[in-house]
Amino acid sequence: MTDAAGVRSLTKELLAAHPPATTDRTDFLKARFDAGLAWVHYPVGLGGLGAPRSLQAVVDAELAAAGAPDNDPRRIGIGLGMAAPTILRFGTDEQKQRLLRPLWVGEEVWCQLFSEPGAGSDLAALGTRAVRDGDTWVVDGQKVWTSSAHVARWAILIARTDPGLPKHQGITYFVCDMTDPGVEVRPLRQITGEAEFNEVFLTGVRIPDSRRLGGVGEGWKVAQTTLMNERVSIGGSRIPREGGMIGPVATTWRERPELRTHDLHQRLLDLWVEAEVARLAGERLRQQLVAGQPGPEGSGMKLAFARLNQEISGLEVELRGEEGLLYDDWTMRRPELVDFTGRDAGYRYLRSKGNSIEGGTSEVLLNIVAERVLGLPSEPRSDKDIAWKDLAR
């Protein structure tokens, strides 16, 4: 069943046994996972068939034509794009069996406890501590910029377990239950008016060693899998032509000829071409992910995504003139999903400002592209062999 005809046949069997029109949405998604049609490139028994990743498009097309429900990927994007690939690569069999199905179905939302007030771009400088106490770890610290923490059941967490080692060592990776005692989530109101992000305080949180991913002290290596997948999920998501930020601008241009000027026309043409190039580059990148492990090229896609979003949203505000200065609603809200392109032009303009910070700052990503894609010399690092506890802070 690892060719197009095979997965198409399995999809038709799923639809016949669980008609979307009469099957509960969650029940249908569970049946799809159990049939191996959730992510076909995952192993059998974990929502997949061990088939080439490219065959997922065959499944998705058949299900869309039948009106089948999806798993609301924008709401559970952190789980799908970051947690799941990390669990698949580093998790135990028990962890994979327990966590992947409810993650994909959307029964359990995930968040990411990585960044800290003193460890953002320099993530390896993190200071959240995890101290072993028998078969558990006691975690204390603060995390920040945590999307969806207010609705999440689980979090992927990195903490320092040995401050006597250099900062990239002595870090361990855990799965944290957000409902455990000692986990406190506070909203962070953004420039858009809403609190999509949060800060999370961890006070004496006890995490069983059975929820550790990878070896003790190997957290930085495990986190690299998460970070590379994060950048692909942000910058390399599949969109149709004129999808994303460029769509509303192109629509306004066609429908509002009175707003057009020669200068805006030239800028729109340039950005339309760049957006299409980025879209096609994303398609090529996804075709290279058959092995399931993204490379540093995802950093380049994330860079392009941030720059284009900011330039296109700025053009949209200019194109709309006085209308572009309006803002629909400053009401404080805590949305359940991250929406880069929603609402009106003012929202898109303000929200896109964060695109060059979240998921790795553009400055950090430029270094990654320079060193790992172009092969340029690494920047000098004076703290490479210094124990974290001895670093100036």
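Residues numbered from 1 in each chain as written. Predicted model: local features only at pLDDT ≥ 70, side-chain atom pairs only at ≥ 80, totals over all residues. Heavy atoms only, no water.

Caption draft 1: Seen up close, the overall build of the protein chain. Counting its secondary structure elements, the protein chain contains 11 helices and 8 strands. In terms of C-alpha radius of gyration, the protein chain reaches 22 Å, essentially the compact-globule figure of 21 Å for 393 residues. Across the 393 residues in the protein chain, those meeting the buried criterion constitute 52%. A separation threshold of at least 6 residues defines the contact pool for the protein chain, and within that pool the share at least 24 residues apart is 70%. Here the protein chain has roughly 18200 Å² of accessible surface; of this, 54% comes from carbon and sulfur atoms. (Helix = DSSP H or I, 4+ residues; strand = E, 2+ residues; numbered from the N terminus. Rg over C-alpha atoms; globule rule 2.2 N^0.38 Å. Buried < 20%, exposed > 50% of the residue type's maximum accessible area, 1.4 Å probe, protein only. Contact = heavy atoms within 4.5 Å. Areas by Shrake-Rupley, 256 points an atom, 1.4 Å probe, with all protein chains shown as cover.)

Caption draft 2: How the structure looks around helix α11 (residues 362-373). All buried positions along α11 are accounted for by Ser362, Leu365, Ile368, Val369 and Ala370. Glycine 375 sits one or two positions beyond α11 and adopts a positive phi of about 75 degrees.

Caption draft 3: Examining the pattern of salt bridges more closely. Taken as a whole and judged by the stated rule, the model has 37 salt bridges. Notably, a salt bridge pairs aspartate 133 with arginine 206, separated by 2.7 Å at the nearest N-O pair. Pair noted here: aspartate 133 is in strand β2 (residues 129-133) and arginine 206 is in strand β7 (residues 197-208), with a separation of 73 residues, a long-range link. Arginine 206 sits in the partly exposed class, given a relative accessible area of 42%. The shortest N-O distance in the salt bridge between glutamate 258 and arginine 256 comes to 2.6 Å. (Salt bridge = Lys/Arg side-chain N within 4 Å of Asp/Glu carboxyl O.)

Caption draft 4: Quick peek at unusual backbone geometry. Residues other than glycine seldom take positive phi values, yet tryptophan 145 does so here, at roughly 60 degrees. Turning to its location among the elements, tryptophan 145 is positioned in the loop between β3 (136-143) and β4 (154-160). Of note, glutamate 242 is a non-glycine position whose phi angle comes to about 65 degrees, a positive value.

Caption draft 5: Region of interest: the packing of aromatic side chains. Applying the stated criterion across every chain, the model contains 8 aromatic pairs. Summarising the aromatic geometry, the rings of tryptophan 39 and tyrosine 42 are spaced 4.1 Å apart at their centres and angled 20 degrees between planes, so their arrangement reads as stacked. The exposure class of tyrosine 42 is buried, given its relative accessible area of 5%. Judged by centre distance (5.9 Å) and plane angle (85 degrees), the rings of phenylalanine 114 and tyrosine 173 are edge-to-face. Pair noted here: phenylalanine 114 is in the loop between β1 (110-113) and β2 and tyrosine 173 is in strand β5 (residues 171-177), with a separation of 59 residues, a long-range link. Taking the relative accessible area as the measure of exposure, phenylalanine 114 reaches 2% and is therefore buried. The exposure class assigned to tyrosine 173 is buried, which follows from its relative accessible area of 0%. Taken together, the ring pairs connect Phe33, Trp39, Tyr42 and Trp104 into an aromatic cluster. For the cation-ring pair, arginine 186 lies above phenylalanine 201, with the distance from its terminal atom to the ring centre recorded as 4.0 Å. (Phe/Tyr/Trp six-rings, centres within 6.5 Å; stacked < 30°, edge-to-face > 60°. Lys NZ or Arg CZ within 6 Å of the ring centre and 35° of its normal.)

Caption draft 6: How the structure looks around the packing of helix α4 (residues 77-90) against helix α5 (residues 93-105). The contact between α4 and α5 brings their axes to 10 Å, and the two run at 165 degrees. If you check the angle between α4 and α5, you find them roughly antiparallel. In terms of crossing hand, the pair formed by α4 and α5 is left-handed. In contact with Gly79, Leu80, Ala83, Ala84, Ile87, Leu88 and Phe90 of α4, α5 contributes Gln95, Lys96, Leu99, Leu100, Leu103 and Trp104. A per-class count over the contact of α4 with α5 returns 10 nonpolar, 2 polar and 1 charged. (Axes fitted to C-alpha atoms, helices over the stretch in contact; angles between N-to-C directions. Parallel < 35°, antiparallel > 145°, perpendicular 65-115°, else oblique. Left-handed = near helix turned anticlockwise from the far one by under 90°. Nonpolar A, V, L, I, M, F, W, Y, C, P; charged D, E, K, R; others polar.)

Caption draft 7: Main features of a nonpolar patch on the surface. Residues Val373, Leu374 and Leu376 make up a contiguous nonpolar surface patch of about 280 Å² in total accessible area. Checked against the element boundaries, valine 373 lands in helix α11. Judged by relative accessible area, which is 40%, valine 373 ranks as partly exposed. (Patch = residues over 30% accessible without salt bridge, like charges linked within 9 Å, V, L, I, M, F, W, Y side chains within 5 Å.)

Caption draft 8: Just the environment of valine 205, in detail. One can find valine 205 in strand β7. Under the relative-accessibility criterion, valine 205 is labelled buried at 0%. Considered as a pair, valine 205 and alanine 125 are 80 residues apart in the sequence and their alpha carbons are 21 Å apart. Residues contacting valine 205, with those up to four places away along its chain left out, are Trp137, Val138, Val139, Cys176, Asp180, Pro181, Gly182 and Val183.

In short, geometric facts, not functional conclusions.
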